[in-house]
Amino acid sequence: MLKHIDQISEQAFLLDFGSVINIELSKYVISYSNYILKEAKKNKSLGILNCVPSYNKILIQFNPKNNIKEKIKEFLLFANKQNLSFTEKNKTVEIPICYDDDFALDLEDIATRTNLTKNEIIDIHLNTDFYVYMIGFMPGLPFMGNLDKTILIPRKLSPRVEVPSGSVAIVDNLCVIYPHKSPGGWNIIGRTPQIMFNKNSNNPNLLRAGFKVKFKKISKKQFTQLIKKNGT
């Protein structure tokens, strides 16, 4: 499935697997990435420092001082010939979400633009089995699909300077959770009290590529209680 390998800097290759975004390709990219990480850990002479998968690309970072670009290329092409299989645990994480008007900042606008009621949009969101394609943009932020086509909606024309931490937002058929306060142009439909990234943990990301996510509706009172419990 590997299309080509591009050198994008003196210390990085970009592996291109095409332009489509689907679960089948994502699982292959994750398997490919896991294989590279495993082999790089066993064989330090490869000089691979990091390996980061996305929807359909993998970024390979290496040490430019070792003059090993051709050796790494040979290894990557060798990896492409292996019979790679998806070995991630089929883990589903339940994440609480509050759709109260104070948190669902764009729900009314989404309802107007899709000709659906707010409750219909909430039901669609709750009934979606989300798949985590990648973690990116900031530590702990998951890009998840695939939302029903009835609520496909583009980015906001004017991004917010500040999106509250825990905001759950959608664009097209994708959904994200902002782990920290930041700028953002996605349409916010709710907020979670769940901690998505804990820098003091051995595994700081709550989610990882290949996981599944189900949202569970909670009240504003429950949201406040969980915030206090989490100490956030």
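Please refer to the structure placed before this passage.
Here, residues in each chain are numbered from 1, in the same order as that chain's written sequence. Two thresholds apply to this predicted model, a pLDDT of at least 70 for residue-level local features and 80 or more for giving and counting side-chain atom pairs, whereas whole-chain, interface and lining totals are computed over all residues. To get the side-chain values, take all heavy atoms of the structure and skip hydrogens and water.

**Quick look at the packing of aromatic side chains**
Where two aromatic rings form a pair, the distance of their centres and the angle of their planes describe that pair.
And step 1. Aromatic pairing here means that ring centres of Phe, Tyr or Trp (its six-membered ring) are within 6.5 Å. Orientation follows from the plane angle: under 30 degrees is stacked, over 60 is edge-to-face, and everything else is tilted. Under the definition given, this model contains 11 aromatic pairs.
And step 2. Here Phe17 and Tyr28 contribute two aromatic rings whose centre-to-centre distance is 6.0 Å and whose plane-to-plane angle is 70°, an arrangement assigned as edge-to-face. With Phe17 in the loop between strand 2 (12-16) and helix 1 (23-42) and Tyr28 in helix 1, this pair connects stretches of sequence that are 11 residues apart.
And step 3. Only protein chains enter the accessibility calculation, which uses a 1.4 Å probe. A residue is then buried if its area is under 20% of the maximum for its type, exposed if over 50%, and partly exposed in between. On the basis of relative accessibility, which here comes to 3%, the residue Phe17 falls in the buried class. Helix and strand labels come from DSSP, where a helix needs a run of H or I of at least four residues and a strand needs a run of E of at least two; each type is numbered from the N terminus.

**A closer look at the sheet that holds strand 4 (residues 57-62)**
And step 1. The pairing criterion is simple: DSSP has to find at least two bridges between the two strands. In space, the 4 strands of this open sheet follow the order 1-2-4-3, with antiparallel pairing throughout. Edge strands, defined here as strands with exactly one partner in the open sheet, are strand 1 (4-9) and strand 3 (48-53). Direction aside, the axes of adjacent strands within the sheet are offset by 20° on average.
And step 2. Working rule for contacts: check all heavy atoms of both residues, and any pair within 4.5 Å makes them a contact. The convention used is that axes are lines fitted to C-alpha atoms, helices contributing only their stretch in contact, and that angles between N-to-C directions extend from 0 to 180 degrees. Contacts between helix 1 and the sheet are confined to strand 2, strand 3 and strand 4, with strand 3 contributing the most and set at about 165° to the helix.

**Focus: the pairing of strand 13 (residues 212-217)**
And step 1. Direction of pairing for strand 5 (residues 92-97) relative to strand 13: parallel, over a ladder of 6 bridges. Residue pairing in the sheet places Pro96 in a bridge with Lys216 of strand 13.
And step 2. The pairing of strand 6 (residues 130-135) with strand 13 spans 2 bridges and is classified as antiparallel. Looking at strand 13, one finds that Phe130 is bridged to Val213.

**Regarding a nonpolar patch on the surface**
And step 1. Surface patches are drawn from residues lacking salt bridges whose relative accessible area is over 30%; two like charges belong together within 9 Å, two nonpolar side chains (Val, Leu, Ile, Met, Phe, Trp, Tyr) within 5 Å. Note that accessible areas follow from Shrake-Rupley with a 1.4 Å probe, and for residues the cover is restricted to the protein chains shown. A pairing counts as a salt bridge when a side-chain nitrogen of Lys or Arg comes within 4 Å of a carboxyl oxygen of Asp or Glu. Taken together, the side chains of Ile8, Val52 and Leu59 present a nonpolar region at the surface, about 230 Å² in accessible area.
And step 2. You can see Ile8 is positioned in strand 1.

**Concerning the packing of helix 3 (residues 107-114) against helix 4 (residues 118-126)**
And step 1. With their axes 9 Å apart at the nearest point, helix 3 and helix 4 run at an angle of 100° to one another. By the angle between their axes, helix 3 is roughly perpendicular relative to helix 4. Every residue of helix 4 that contacts helix 3 at Leu107, Glu108, Ile110, Ala111 and Thr114 is listed here: Lys118, Ile121 and Ile122.
And step 2. Three classes are used: nonpolar for Ala, Val, Leu, Ile, Met, Phe, Trp, Tyr, Cys and Pro, charged for Asp, Glu, Lys and Arg, and polar for all others, with Gly counted as polar. In the contact of helix 3 with helix 4, the residues fall into 5 nonpolar, 1 polar and 2 charged. In what follows, roughly perpendicular refers to angles from 65 to 115 degrees, roughly parallel to angles under 35, roughly antiparallel to angles over 145, and oblique to any angle outside these ranges.

**What about the pairing of strand 2?**
And step 1. Counting buried positions along strand 2 gives 4 out of 5 residues, so the element sits mostly inside the fold.
And step 2. The pairing of strand 1 with strand 2 spans 5 bridges and is classified as antiparallel. Its bridge partner lying in strand 2, His4 is registered against Asp16.
And step 3. Sheet topology places strand 2 next to strand 4; 5 bridges connect them, and they run antiparallel. When the sheet's bridge partners are listed, Phe13 is paired in strand 4 with Ile60.

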